[in-house]
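Residue-level structure breakdown
In case you want the letters, here they are:
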Amino acid sequence: MSTLGKKVLLIDGDMQMNLTLSFFDDEKSLELAKNGNNIYTATLEQKDLTDYVINTEYEGLDIIPSSTLMSSIELQLFTKFQREYILRRGLEKIKASGYYDYILIDSPPTLGCWVMNIMCASDYLVIPVEASPWGLFGLANMFEFYEQVKLISPSLELMGIAITKASERKNYFKQTVETLSSLDNVRLLESIIRIDSTVEWSQDNSKPVMAYKKTSRAAGEYMKLAQEVMSYADR
């Protein structure tokens, strides 16, 4: 999105810090995780997120990093007042400023109060599903959780499902597509992210795949996905 001239804010909401590590090396990522300039501290202290934004080396692309302490976020949120809306409140000034064209939040693969926070702070939800034997596992629980969140955040809209880590040579890829296509009232995004070693190499070099190798298949597929998401959000 940023390569298309858009201003984008990324929020790493996962304790694994994969999004943070896509922009900073291990040493810098751990420094951000420990010095308090991260989403964990901001959420715990219920602060405005403006002061937690970190500039990346890429034009138009900023990030609020994660922390390994996010492993305890569910426990920390339990005693907070209106805990489902803490992230939404933290983003109010940033959203009201209109500085960013898009805010993307990376969520952990769990269902709980923190993911509910993320969904309540969002306009749209994209569910990534791996084209693997276990890819569809838990999807029904995700849909049920989404419906629960809609009760307290009615404006949240399921944009669709994005198929990832696909290999068209495997039988379960076709099965995954057929199963997802048959779901009622669930949109399957046209963009499919296939397995590509370029992604692993870009992660190893702490770079987004577009910066690591712009001409790779993975970069092209992620660009197509970004354009599809923007087209839907801007409609």
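Coordinates for the structure precede this section.
Predicted model, so just to flag it, every value in this text is computed and none were measured. (Residues numbered from 1 in each chain as written. Predicted model: local features only at pLDDT ≥ 70, side-chain atom pairs only at ≥ 80, totals over all residues. Heavy atoms only, no water.)

Packed helix pairs are characterised by how far apart their axes lie and by the angle those axes make with each other. In the contact formed by helix 6 (residues 113-120) and helix 7 (residues 139-152), the axes pass within 10 Å of each other and the chain directions differ by 60°. Put simply, helix 6 runs oblique to helix 7. Of the two possible hands of crossing, helix 6 and helix 7 adopt the one that is right-handed. Taken together, the residues of helix 7 that come into contact with helix 6 (itself represented by V115, M116, M119 and C120) are M142, F145, Y146, V149 and I152. When its residues are assigned to classes, the contact of helix 6 with helix 7 shows 9 nonpolar, no polar and no charged. (Axes fitted to C-alpha atoms, helices over the stretch in contact; angles between N-to-C directions. Helix = DSSP H or I, 4+ residues; strand = E, 2+ residues; numbered from the N terminus. Parallel < 35°, antiparallel > 145°, perpendicular 65-115°, else oblique. Left-handed = near helix turned anticlockwise from the far one by under 90°. Contact = heavy atoms within 4.5 Å. Nonpolar A, V, L, I, M, F, W, Y, C, P; charged D, E, K, R; others polar.)

Attention now moves to the pairing of strand 6 (residues 157-166). Judged by how many residues are buried, strand 6 sits mostly within the fold: 8 of 10 residues are covered. Pairing geometry for strand 5 (residues 124-130) and strand 6, over 7 bridges, is parallel. Looking at strand 6, one finds that L125 is bridged to L158. Since strand 5 and strand 6 lie parallel, the crossover through helix 7 that links them has a hand, and here it is right-handed. Pairing analysis gives 3 bridges linking strand 6 to strand 7 (residues 188-194), with the strands arranged parallel. In the strand pairing of strand 7, I161 is matched with L188. With helix 8 (residues 171-181) bridging strand 6 and the parallel strand 7, this β-α-β connection has right-handed handedness. (Buried < 20%, exposed > 50% of the residue type's maximum accessible area, 1.4 Å probe, protein only. Pairing = 2+ DSSP bridges. Right-handed = clockwise from strand over helix to strand, strands pointing away.)

Under the definition given, this model contains 8 salt bridges. Across the pair K47 and E45 runs a salt bridge, and its minimum N-O distance is 3.1 Å. Given the relative accessible area of 39%, K47 is considered partly exposed. Residue E45 is classed as partly exposed on the basis of its relative accessible area, which comes to 43%. Note that E168 and R194 form a salt bridge whose closest N and O atoms lie 2.7 Å from each other. You can see E168 sitting in the loop between strand 6 and helix 8 and its partner R194 sitting in strand 7, a full 26 residues away along the chain. Here the salt bridges do not stand alone but share partners, grouping E168, R194, R217 and E221 into one network. (Salt bridge = Lys/Arg side-chain N within 4 Å of Asp/Glu carboxyl O.)

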